[in-house]
Structure formats: structure tokens, C-alpha cells
Amino acid sequence: MSKIHVYFMPGMAASPTIFERIQLPEDIFEMHLLEWEIPNVGESLVAYAERIAEKVTYKNPILIGVSFGGVLVQEMKQFLNPKKVIIISSVKSNTEFPRRFKVAKTTKAYKLIPTTLFENIEMLVKFSFGSSIVKQRLALYEKFLAVRDKRYLDWAIEQIINWNRIEIDEEIIHIHGDADEVFPPKNIKNFIPVKGGTHIMILSKYRWLNDNLPKILIEEKA
């Protein structure tokens, strides 16, 4: 039996090392790790998604995206024919954004974010993973945030804030922590809850994911 090919897309500014603790049965699945690339000048999210979709070389894959990577794999879906699209710690449309995202879009306050300050790893960690990160863990999380290019960060923040998807794709499978502080679960519908899962549960709840992902990946829809 041929293996099921699973492509993983990390969250904003993150490297594929965030998936280093994720293990799938090797006799069934083959894991492929995607990476962020520097966007072209003026490149739309859809055009970027089409470009990253070209990295997916196996037919009928499963796409898994974390946070902003979850947004990206949803846009990649139109260029591929995936068996499934699974998002973790993410949103299925802009209707699931927290209020601060909506205010940032209306006021264009996101344009005032000084991304050059993200050279300070503490600020980048808190922006990407949430403000609850404690200083003792900064060194640990620093290795996961490898994309610090200002052009990428400016682009990524603008794309997530201005994501124009209103209709939720009912085929998307959504795994979300009940303690996610970046995308509070009170704004989100129809998701598989992970008890105690925060926005960084790809790292902190890897045991739950390793136990449950295989059956989610294989399970046929009713």
C-alpha cells in the first residue's frame, strides 16, 4: 500500500523545527516539511499560496498548517487536490478573528507595528506564540522562529489581518486548544478541542497530537 503524504506548514515566522516532536507511523505516512519563503514585492496571499503549492510534489496529499500556516494551506487547497486540510491553532475565516484583529484592519494599525523590533527575540516570540510565554523559555522558542526578514514579517502581518475569507470551508478539519490566547476559542466554531492547549500546543501538546493525529488523518468523513 502506498504511503499517505502529509505536508506540514509552520506558523508565522516559524521554521519547520516546530514539528520535530510530531511523529506519525512511518509504515502509513510520509511527512514533508514546508518552509516560508520571502514574498515577492506586492505578492498577494493567493499568489504566494500558488507558489508554495508547487513544492507539493505528491498527488492527493494531506495539508496541515499551524496558525498563519493554517490560513496558507486553506488558500493552497484550490491549487491542489488534497485528501484533507487540517488546521491547528488557526482560524477558518476572518469571522473567527478576535476583536483586536478587526480593529487593526479597520484602523490599519498593523501598518504601525515596528517589525524591526522583532530582531529582539522576546518581542517576536510573544507576537507569534502569545504573551503568556515566560522568559525562561525564550531560548527554547528562539530556535523555532527562524524567519526574521522585515519584508516577510510586514507582508505576513498584512496578509493575516486583511484575509478576506468570510465563508467557512466545511471540509476543513480544525484542531484548537481551549486555552488559545491568540485565537480565543469563544470566537471559533466546529473544532476538535484540546484541553489546556494554548497557541503553542504544536510544541506543548505534541503527545496529544501524536496519539490523535493518525486516526484523524485516516478517518473517512461520514
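Only a predicted model underlies this, so the values are computations on that prediction, with no experimental measurement involved. (Residues numbered from 1 in each chain as written. Predicted model: local features only at pLDDT ≥ 70, side-chain atom pairs only at ≥ 80, totals over all residues. Heavy atoms only, no water.)

Colleague: An account of the overall build of the protein chain is needed here, citing residue identities and associated values.
Modeller: What the protein chain contains, in helices and strands, is 8 helices and 6 strands. Listed by position from the N terminus, the elements making up the protein chain come as β-β-α-β-α-β-α-α-α-α-β-β-α-α. In the protein chain, buried positions account for 52% of the 222 residues. Put simply, 66% of the contacts in the protein chain that link residues at least 6 apart link residues at least 24 apart. Accessible area for the protein chain stands at about 11,200 Å²; split by element, carbon and sulfur atoms hold 51% of it. (Helix = DSSP H or I, 4+ residues; strand = E, 2+ residues; numbered from the N terminus. Buried < 20%, exposed > 50% of the residue type's maximum accessible area, 1.4 Å probe, protein only. Contact = heavy atoms within 4.5 Å. Areas by Shrake-Rupley, 256 points an atom, 1.4 Å probe, with all protein chains shown as cover.)

Colleague: A description of the nonpolar core should follow, citing residues and the corresponding values.
Modeller: Membership of the largest hydrophobic core comes to 65 residues, with the highest contact counts inside it found for Phe68, Met76 and Tyr152. Of the residues forming this core, the biggest block, 7 residues, is contributed by helix H6 (residues 150–161). Ignoring sequence-local partners within four residues, the contact set of Phe68 consists of Gly11, Met12, Trp36, Leu45, Tyr152, Trp155, Ala156, Gln159 and Ile160. (Core = buried A, V, L, I, M, F, W, Y, C linked by side-chain atoms within 4.5 Å.)

Colleague: Now, about the sheet that holds strand E6 (residues 192–194): what can you tell me, with residues and values included?
Modeller: In spatial order, the strands read E2-E1-E3-E4-E5-E6; together these 6 strands make up an open sheet with parallel pairing. At either end of the open sheet lies a strand with only one pairing partner, and these are strand E2 (29–33) and E6. For this sheet, the mean inter-axis angle between neighbouring strands, taken without regard to orientation, is 20°. Inspection of the sheet shows strand E1 (residues 4–9) paired to E2 by 5 bridges, in the parallel sense. (Pairing = 2+ DSSP bridges. Axes fitted to C-alpha atoms, helices over the stretch in contact; angles between N-to-C directions.)

Colleague: Mind laying out the packing of helix H1 (residues 45–53) against helix H2 (residues 68–76), listing which residues take part and the relevant values?
Modeller: One can describe the packing of H1 onto H2 by two numbers: an axis separation of 8 Å at closest approach and a directional angle of 80°. Considered as vectors, H1 and H2 are oriented roughly perpendicular to each other. Taken together, the residues of H2 that come into contact with H1 (itself represented by Leu45, Val46, Tyr48, Ala49, Ile52 and Ala53) are Phe68, Val71, Leu72, Glu75 and Met76. Considering only residue class, the contact of H1 with H2 consists of 10 nonpolar, no polar and 1 charged. (Parallel < 35°, antiparallel > 145°, perpendicular 65-115°, else oblique. Nonpolar A, V, L, I, M, F, W, Y, C, P; charged D, E, K, R; others polar.)

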